[in-house]
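Close look at the chain arrangement
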Amino acid sequence: VFGQRFALPGCTAAPGEVSALEVAAINAGADLRLTWTDTTSADGYVVFEDLVPDGAFSTETGTAAGGGAGLTAPMPAATTFYLVAGQNASCGIGPK
């Protein structure tokens, strides 16, 4: 369905939009630490990456239980943009 959002059958509360993504170099620049503010109705989080800021963000970088601990990822070789989405068992991945 183009231009409409719809919930999965059995979806009781879709995860909200993730905010306040912060990215910092750690381990002498060998890795990145991504942290964010947790959102409503999320049981976990999926981090996506893309080479352009308005891309599809279809490549999964990793998953995390929460934004406080966040995710550590290897330093990319090229400029990379990151996006975090909440997820839960009944609704799947929330808004990107």
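In short, a report on the structure. (Residues numbered from 1 in each chain as written. Predicted model: local features only at pLDDT ≥ 70, side-chain atom pairs only at ≥ 80, totals over all residues. Heavy atoms only, no water.)

A tally of regular secondary structure across the chain gives zero helices and seven strands. Ordered by position from the N terminus, the helices and strands of the chain form the series β-β-β-β-β-β-β. For the C-alpha atoms alone, the extent of the chain along its principal axes is close to 45 × 30 × 20 Å. When each of the 96 residues of the chain is scored for burial, the buried share is 33%. For the chain, the proportion of contacts with a sequence separation of at least 24, taken over those separated by at least 6, is 61%. Summing over all exposed atoms, the chain offers an accessible surface of approximately 5800 Å²; the carbon and sulfur share of this is 55%. (Helix = DSSP H or I, 4+ residues; strand = E, 2+ residues; numbered from the N terminus. Buried < 20%, exposed > 50% of the residue type's maximum accessible area, 1.4 Å probe, protein only. Contact = heavy atoms within 4.5 Å. Areas by Shrake-Rupley, 256 points an atom, 1.4 Å probe, with all protein chains shown as cover.)

With that settled, consider the sheet that holds strand β3 (residues 44–50). By definition, the strands of a sheet pair up through backbone hydrogen bonds, in either a parallel or an antiparallel sense. Pairing is antiparallel across the open sheet formed by four strands, whose spatial order is β4-β3-β6-β7. At either margin of the open sheet sits one strand with a lone partner, and together these are β4 (59–64) and β7 (92–93). Pairing geometry for β3 and β4, over five bridges, is antiparallel. Bridge pairing links phenylalanine 48 to glutamate 60 in β4. (Pairing = 2+ DSSP bridges.)

Inspection of the secondary structure puts asparagine 88 in strand β6 (residues 81–88). Residue classification places asparagine 88 among the buried positions, given a relative accessible area of 10%. Separated by 3.3 Å, the side chain of asparagine 88 and the backbone nitrogen of serine 90 make a polar contact. Of the polar contacts made by the side chain of asparagine 88, one reaches the backbone nitrogen of cysteine 91; its length is 2.7 Å. Residue contacts for asparagine 88: discarding those within four places in its chain leaves Ala13, Ala14, Pro15, Ser41 and Asp43. (Polar contact = N/O pair within 3.5 Å; in protein donor to acceptor, adjacent residues only side chain to side chain.)

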